[in-house]
Amino acid sequence: MARKKIIAGNWKMNMTPSQAVELINTLKPLVKNDDVDVVFCVPAIDIIPAVEAVKDTNIHIGAENMYFEEKGAFTGEISPEMLVDAGVKYVIIGHSERREYFAETDETVNKKVLKAFEHNLTPIVCCGETLTQREQGVTIDFIRQQIKVAFLNVSAEQAAQAVIAYEPIWAIGTGKVATTQQAQEVCKAIRDCIGEIYDEATAAAIRIQYGGSVSASSAPELFAQADIDGGLVGGASLKADFGQIVNYDK
């Protein structure tokens with residue numbers, strides 16, 4: 001069975017609640033495509049108005065992060081139960097910006113992945129290498145390590161439902177895009193790694209996105225690759241262009 005494409009926007013720290021609703025209303029008619037799972041991952045303060053704004057559409061709302069405890073003295077954090085109650089279906093975990101600026105590690109990513117599954121949230125698990133790592137030829141080794149730790153103690157059944165987003169750090173927000181060949185090579189290596197951890201059926205089921213300066217012009221070729229099942233889109237998800245990315249095959 002063919003994997004359904006999943007195209008998610010990562011809004012990052014953009015859009016006030018009122019701006020979020022306005023943007024969603026603009027994008028709603030542009031992102032209609034029943035062949036693709038469309039997700040807007042929005043700042044925490046935008047989640048509730050965003051969920052309301054996407055009612056009766058094909059759009060799902062995701063969160064950009066969550067904590068790995070149920071509740072407690074964790075000032076400023078948001079629990080999985082809060083996300084579920086607000087109507088969230090997906091959560092980005094371990095984005096390179098979270099790792100770089102907020103000291104997230106492979107181990108905390110793993111804790112969050114496990115907690116997301118406990119609450120039937122679909123994790124979008126991020127991985128990716130720096131420019132130095134790519135130039136030193138350790139990209140695949142590094143990403144395999146990120147994946148192996150992220151999926152520690154995750155069952156095959158859970159893993160099959162997960163989404164992995166490969167984002168070369170050197171291509172995020174820089175305008176540089178990995179070549180289609182580079183993106184496919186790493187996404188295939190990720191799928192092979194999942195196959196080693198679990199089995200071929202799990203590897204065949206898991207969806208792997210490419211992220212890093214995805215645009216309306218680069219999307220069709222990227223998404224046509226055998227192991228690329230969609231994209232995690234940054235800047236372009238805040239513009240009308242996102243509709244063209246979602247409808248890349250039209």
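Residues numbered from 1 in each chain as written. Predicted model: local features only at pLDDT ≥ 70, side-chain atom pairs only at ≥ 80, totals over all residues. Heavy atoms only, no water.

1. A look at the environment of Lys89
Okay, so step 1: Position of Lys89 among the secondary structure elements: in the loop between helix 3 (80-86) and strand 4 (90-93).
Okay, so step 2: By relative accessible area, Lys89 is classed as partly exposed at 45%.
Okay, so step 3: Along the primary structure Lys89 and Val39 are separated by 50 residues, whereas in three dimensions their C-alpha atoms are 8.8 Å apart.
Okay, so step 4: Leaving out residues up to four positions away in the same chain, Lys89 has contacts with His60, Ile61, Leu121 and Thr122. (Helix = DSSP H or I, 4+ residues; strand = E, 2+ residues; numbered from the N terminus. Buried < 20%, exposed > 50% of the residue type's maximum accessible area, 1.4 Å probe, protein only. Contact = heavy atoms within 4.5 Å.)

2. So, the nonpolar core
Okay, so step 1: Formed by 67 residues in total, the largest nonpolar core has its most connected members in Phe40, Phe151 and Phe242.
Okay, so step 2: Tallying contributions element by element places helix 9 (residues 180-197) first for this core, with six residues.
Okay, so step 3: The next biggest cluster of nonpolar side chains, apart from the first, holds eleven residues, and it includes Tyr90, Ile92, Ile124 and Val163. (Core = buried A, V, L, I, M, F, W, Y, C linked by side-chain atoms within 4.5 Å.)

3. Things to note about the sheet that holds strand 7 (residues 207-211)
Okay, so step 1: Around the barrel, which closes on itself, the eight strands sit in the order 1-2-3-4-5-6-7-8 with parallel pairing between neighbours. Each neighbouring strand pair of the sheet contributes to a mean axis angle of 25 degrees, computed without reference to strand direction.
Okay, so step 2: Pairing analysis gives four bridges linking strand 5 (residues 122-127) to strand 6 (residues 163-166), with the strands arranged parallel. When the bridges of strand 6 are listed, Cys126 appears paired with Ala165.
Okay, so step 3: Helix 7 (residues 139-150) rests against strand 5 and strand 6 of the sheet, and its axis sits at about 150 degrees to strand 5.
Okay, so step 4: Against the sheet, helix 9 engages strand 5, strand 6 and strand 7, with an angle of about 145 degrees to strand 6. (Pairing = 2+ DSSP bridges. Axes fitted to C-alpha atoms, helices over the stretch in contact; angles between N-to-C directions.)

4. As for helix 1 (residues 17-27)
Residues separated by three or four positions in an α-helix point in the same direction, a consequence of the helix having 3.6 residues per turn.
Okay, so step 1: Restricting attention to buried positions, one finds in helix 1 the residues Ala20, Leu23, Ile24 and Leu27. Relative to the axis of helix 1, the buried residues are bounded by an arc of 100 degrees and lie together on one face. Away from its buried face, by an angle of more than 90 degrees, helix 1 presents the exposed residues Ser18 and Glu22.
Okay, so step 2: Considering only its buried residues, helix 1 is in contact with strand 2 (36-42), helix 2 (47-53) and helix 12 (241-246). (Arc of directions from axis to C-beta.)

5. Concerning the pairing of strand 8 (residues 230-233)
Okay, so step 1: The alternating pattern of strand 8 places Gly230 and Leu232 on one face and Gly231 and Val233 on the opposite face, and all of these are buried.
Okay, so step 2: Sheet analysis places strand 7 next to strand 8, joined by two bridges and oriented parallel. Residue pairing for strand 8: Tyr210 is matched across the bridge by Gly231.

6. Quick look at helix 7
Okay, so step 1: Spanning twelve residues, helix 7 covers 17 Å between terminal C-alpha atoms, matching the ideal 16 Å at 1.5 Å per step.
Okay, so step 2: Listing the buried residues of helix 7 in full gives Thr139, Ile143, Gln146, Ile147 and Ala150. The buried residues of helix 7 occupy one face: seen down the axis, they fall within an arc of 95 degrees.
Okay, so step 3: Elements that come into contact with the buried residues of helix 7 comprise helix 4 (96-102), helix 5 (106-118), strand 5, helix 6 (131-135), strand 6 and helix 9. (Expected span 1.5 Å × (residues − 1).)

7. Overview of the packing of aromatic side chains
How two aromatic rings sit relative to each other is set out by the distance from centre to centre and by the angle between their planes.
Okay, so step 1: Under the definition given, this model contains seven aromatic pairs.
Okay, so step 2: Ring plane angle 55 degrees and centroid distance 5.8 Å describe the contact between Phe40 and Phe242, whose orientation is recorded as tilted. In this pair, Phe40 is assigned in strand 2 and Phe242 in helix 12, connecting sequence segments 202 residues apart.
Okay, so step 3: Classification of Phe242 by relative accessible area gives buried; the value is 0%.
Okay, so step 4: On the basis of an interplanar angle of 90 degrees and a centroid distance of 5.2 Å, the ring pair of Phe223 and Tyr248 is categorised as edge-to-face. Highlighted residues: Phe223 in helix 11 (residues 219-223) and Tyr248 in the segment after helix 12, separated in sequence by 25 residues. Across the pair, Tyr248 and Phe223 agree in class, each one buried.
Okay, so step 5: Ring pairs connect the aromatic residues Trp11, Phe40 and Phe242, which therefore count as one cluster. (Phe/Tyr/Trp six-rings, centres within 6.5 Å; stacked < 30°, edge-to-face > 60°.)

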